[in-house]
2 protein chains.
Amino acid sequence: MTAVVRRPSPAEVRLARAWLSRAVEPGRRAVFDLVTEVGPVEAARRMRAGAATGAVAALAAARREEDRAAADLAEARRLGARLVTPEDAEWPDEALRAMEVAFDRERGEGVPRHQVELTPPLALWALGPPRLDEALARAVAVVGSRTATPYGQHVAAELAHGLATRGWTVVSGGAFGIDAAAHRGALAAGRPTVAVVAGGLREPYPQAHGGLFRRIGRDGLLLTEFPPDATPQRHRFLVRNRLVAALTAGTVVVEAGLRSGALATARQALRMGRRVLGVPGPVTSGESAGVHDLLRSDPEVRVVTRAAEVLEEVGALGDDLADRRRAAADPRDALEPLARQVLDGLPTVGVTTPDRIARSCGVPALEVLRALPGLELLGFVEMTPAGWQLTPAARATPRR
Amino acid sequence: MTAVVRRPSPAEVRLARAWLSRAVEPGRRAVFDLVTEVGPVEAARRMRAGAATGAVAALAAARREEDRAAADLAEARRLGARLVTPEDAEWPDEALRAMEVAFDRERGEGVPRHQVELTPPLALWALGPPRLDEALARAVAVVGSRTATPYGQHVAAELAHGLATRGWTVVSGGAFGIDAAAHRGALAAGRPTVAVVAGGLREPYPQAHGGLFRRIGRDGLLLTEFPPDATPQRHRFLVRNRLVAALTAGTVVVEAGLRSGALATARQALRMGRRVLGVPGPVTSGESAGVHDLLRSDPEVRVVTRAAEVLEEVGALGDDLADRRRAAADPRDALEPLARQVLDGLPTVGVTTPDRIARSCGVPALEVLRALPGLELLGFVEMTPAGWQLTPAARATPRR
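Residue indices follow the written sequence of each chain, beginning from 1 at its first position. Numbering of ligands from 1 and lettering of chains from A proceed in the order in which they are written. pLDDT decides what is reported in this predicted model: residues at 70 or higher carry local features, side-chain atom pairs at 80 or more are listed and counted, and totals for whole chains, interfaces and linings draw on all residues regardless.

A. Spotlight on the confidence of the model for chain A. Residues and elements named next belong to chain A. Per-residue confidence from the predictor is given as pLDDT, running between 0 and 100. Residue-level pLDDT values for chain A average 89, and 93% of them are 70 or greater. A low-confidence stretch, residues 317-329 stays under pLDDT 50, and its non-local contacts, those more than four residues away or across chains, total 19 contacts. With pTM at 0.78, the complex prediction returns an ipTM value of 0.75. This entry defines residue contacts through backbone-placed C-beta atoms, with two residues in contact when those atoms are within 7 Å.

Encoded structure:
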């Protein structure tokens, strides 16, 4: 018997995504692929019916008979929260597309499987007034050690304050230490900040940050992939970290011990072609040892000491260039050589993928991924469901 | 009337070089070129006679009638010092050749003229038992702020102690702050350290370091291009810095304000293809601001936090590889890919230049300059007056 082909209602879609968010742990590619292929309603139906196959069947087995989707949505409403799905206008499409592209690239290159797959979320539980896409349009992650020193907390707060003052959204994990200092610095600047937490919104972890989370939920956003009553677990922190890295143009690590989870966030950001920056500290401090290691591990990871330097790195293709662009006769002249090269890699007509752009212009795929969001911000390119293409304006400007 | 062609005696050569070291400020290319062309005795004769032309005439005008060469040599002897010249076996040939190569490269590439020319010294006044070439065969510069913090001094001393313990010579400028801490750390490890000072050996500057200089002169080396009674002057510090950079495989900057002379040393080291490393510190410390700026200025400048990391960077082609090499069937297999590529750029027969190697193997000239000393240490290549060539052993090993 084939399934009746009927377009599910928005309410059905939301309910299905709520169900999926509890039925399987986020970040599993097999589930994401099934949802992409058959849609969330049909994917949920198959999983509940025990009709899913392969990896999905195994992933769904434990919780497939549980159905708290309606109750979860009701509880979210009671908490003042909402479930944001890819079908919603505020879904942070572009940021999450980078995650998907990076995953495809790693699969294509045969990169050994990582502990955390770069799989976009199926839905996000959100609490707070800003639209997700708007809050994350210009966002930087500031992350670091839970056992931060007063030095690290001071620097994180200053940095976040400076970023917020310049109109950027500070994203972090709501944890003790650097995370909290970053959120507080941003709030002190009167700007929204986004906490991506590893458990549910009923009692965001850590509970001792209840007051901080209330302020973030009032002026910024609390975000999570987990249903309202989910408890934080070790692997959920890692899965959460990939989201912090994906949702931001760059990740700044302020203090991290050699085994800090902040380093995992940084490595995931690198996998997605995001900027990774480290704030140095005394070499005699164990809380800076992880940052220094990170800086030594990859020339792409750069030293930053203050907000303006962070924006030099992550904002280079955005603001600064946007300013220069207004003055240029041919807007392409204002582009950095690399961005110009990437732009030249797009076909005049039709859509393309970052990988094809890379092959076409001879720029490494990671650099292409880095350049595209800036080029989009400047109005040269746009992302469509089918891929990247030149904007009508860019097509109208003859290339030299 | 043509000059009588007669080979000058060693004593005449030494006297001429002593005279030149007082007659002109060191680091002037025109003088170096004349000395290279006609030899030190004839160069000095022409300058004294007012027969030099062009830039040399102008440079020599002020002091050409003064002759204290014999007195300077006598004073050096009285101080227990000696004048080391390129004619001596202990002259640190290889290190200074890198300076010359870098100068030629900059002239070739039309690099705008720097305040300090990368011109080798005409002679070096030296005080201390070690041979220059031996003391400098494995040497690292540790430099930094005169107004160092206790943190910086602690780190410099630890770093120098660690380097010395591992058999490396610590070179610095004998100044207050980081320099002194570095020298003391090396001395504490019972290893020679080299202080390159910006004035004469009669009363090395700063005088408050009299005790330190006596220890360095007893167990290590005091070095200078200036005659015994020369006083330090601003430009002499800059000229001295180029020598610190040239004589070492890498320069580590430990604390530097934004205008610290240590940054000039680092920039000169980069011009010569030397490794430049920075020890980070608190971003709230003005004494680390210059180091962080340096780290941000060039991806080639890497973060280091301890001696082992310094040697990972500067010693990579030397020791570590030498160890691996013993285990390898074909010694070339032990080489880093880049070093291997450089090696393959040398002709099987005959000499070549770093620039030609660069063109032949497609590795940037700076990288070639970095790789050659290591390849020489490993016995793959050797430097002759006519240029670089494969050693007989390397020629005997068939390339794969």
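B. Quick peek at the sheet that holds strand E3 (residues 139-144) of chain A. All names here are of chain A. A pair of strands is treated as paired once DSSP finds two or more bridges between them. The numbering of helices and of strands both runs from the N terminus, where a helix is a DSSP run of H or I of at least 4 residues and a strand a run of E of at least 2. Across the sheet, nine strands lie side by side as E1-E2-E6-E5-E4-E3-E7-E8-E9; this open sheet has mixed pairing. The open sheet has two edge strands, strand E1 (81-84) and strand E9 (302-303), and neither has a second partner. Taken together, the two bridges between strand E8 (residues 275-279) and E9 define a ladder with parallel strand orientation. Looking at the pairing, Leu-277 lines up with Arg-302 of E9. Axis definition: a line fit to C-alpha positions, over the contact stretch in the case of helices; interaxial angles, taken between N-to-C directions, run 0 to 180 degrees. Along the sheet, helix H9 (residues 178-188) contacts E3, strand E4 (169-172), strand E5 (193-196) and strand E7 (250-254); its crossing angle with E4, the most-contacted strand, is approximately 160 degrees. Strands in contact with helix H13 (residues 286-297) are E7, E8 and E9; relative to E8, the strand with the most contacts, it is inclined by about 135 degrees.

C. The arrangement of the domain arrangement of chain A in detail. Residue and element names in this part refer to chain A. The split of the chain into domains comes from an automatic or database domain assignment. Segmenting chain A into domains produces domain 1 (1-65), domain 2 (108-314) and domain 3 (316-396). Each of domain 1 and domain 2 was reduced to a C-alpha centroid, and the two centroids are 30 Å apart. Across the boundary between the two partners, domain 1 contributes 11 residues, which contact 11 residues of domain 2. Counting only elements with at least two residues in the side of domain 1 that touches domain 2, the list comes to helix H1 (10-23) and helix H2 (29-38).

D. Layout of helix H11 (residues 234-246) of chain A. Residue and element names in this part refer to chain A. Helix span, expected: 1.5 Å multiplied by one less than the number of residues in the helix. With 13 residues, H11 should cover 18 Å at 1.5 Å per step; its first-to-last C-alpha distance of 19 Å lies within 8% of that length. Counting other C-beta atoms within 10 Å of a residue's own tells you its class, since 20 or more makes it buried, 12 or fewer makes it exposed, and anything in between is partly exposed; those C-beta atoms are placed from the backbone. For H11, the complete set of buried residues consists of Arg-236, Val-239, Arg-240, Asn-241, Arg-242, Leu-243, Val-244, Ala-245 and Ala-246. Structurally, H11 contributes buried residues whose contacts are with helix H6 (93-109), E3, E4, E5, E7 and helix H12 (261-271).

E. Region of the structure containing the pairing of strand E4 (residues 169-172) of chain B. All names here are of chain B. Of the two faces of E4, the one holding Thr-169 and Val-171 and the one holding Val-170 and Ser-172 are both buried throughout. Examined bridge by bridge, strand E3 (residues 139-144) and E4 share three bridges and lie parallel to one another. Following the sheet pairing, Val-140 is matched in E4 by Val-170. For the handedness criterion, the strands are oriented away from the viewer, and a crossover whose path from the first strand over the helix to the second runs clockwise is classed as right-handed. Each parallel crossover has a hand, and the one from E3 via helix H8 (residues 150-165) to E4 is right-handed. Bridge count for E4 against strand E5 (residues 193-196) is three bridges, and the pairing is parallel. Pairing of Ser-172 across the sheet is with Ala-195, part of E5. Regarding topology, helix H9 (residues 178-188) serves as the crossover connection from E4 to the parallel E5, and that connection is right-handed.

F. Quick peek at the UniProt feature "domain: Smf/DprA SLOG" (unreviewed entry) in chain A. UniProt positions are given in the numbering used here, feature names are shortened, and annotations may be inferred rather than shown by experiment. The feature "domain: Smf/DprA SLOG" (unreviewed entry), as annotated in UniProt, sits at residues 119-314 of chain A in this numbering. Each end of residues 119-314 of chain A is marked by a C-alpha atom, and these two atoms are 23 Å apart; helix forms 43% of the span and strand 17%.

G. Spatial organisation of unusual backbone geometry. Residues Tyr-205 of chain A and Pro-206 of chain A are joined by a peptide bond in cis, for which omega reads -5 degrees. By the secondary structure assignment, Pro-206 of chain A is in the loop between E5 and helix H10 (210-219). For Glu-255 of chain B, which is not glycine, the phi torsion reads 60 degrees and is therefore positive. For Glu-255 of chain B, the location among the structural elements is in the loop between strand E7 (250-254) and helix H12 (261-271). By the C-beta count within 10 Å, which is 32 here, Glu-255 of chain B ends up buried.

H. Representation of the relation of the copies chain A and chain B in the model. Copy-to-copy alignment: least squares on C-alpha atoms, limited to residues at pLDDT 70 or above in both. Rotating chain A by 180 degrees about the axis while translating it 0.0 Å along that axis superimposes it on chain B, leaving an RMSD of 0.1 Å. In symmetry terms, the pair is related by a two-fold rotation axis. Using C-alpha coordinates, one finds that chain A approaches the rotation axis most closely at Gly-281 of chain A, a distance of 2.3 Å. Looking at chain A, 100% of its interface residues are interface residues in chain B too, so the copies touch through the same face.

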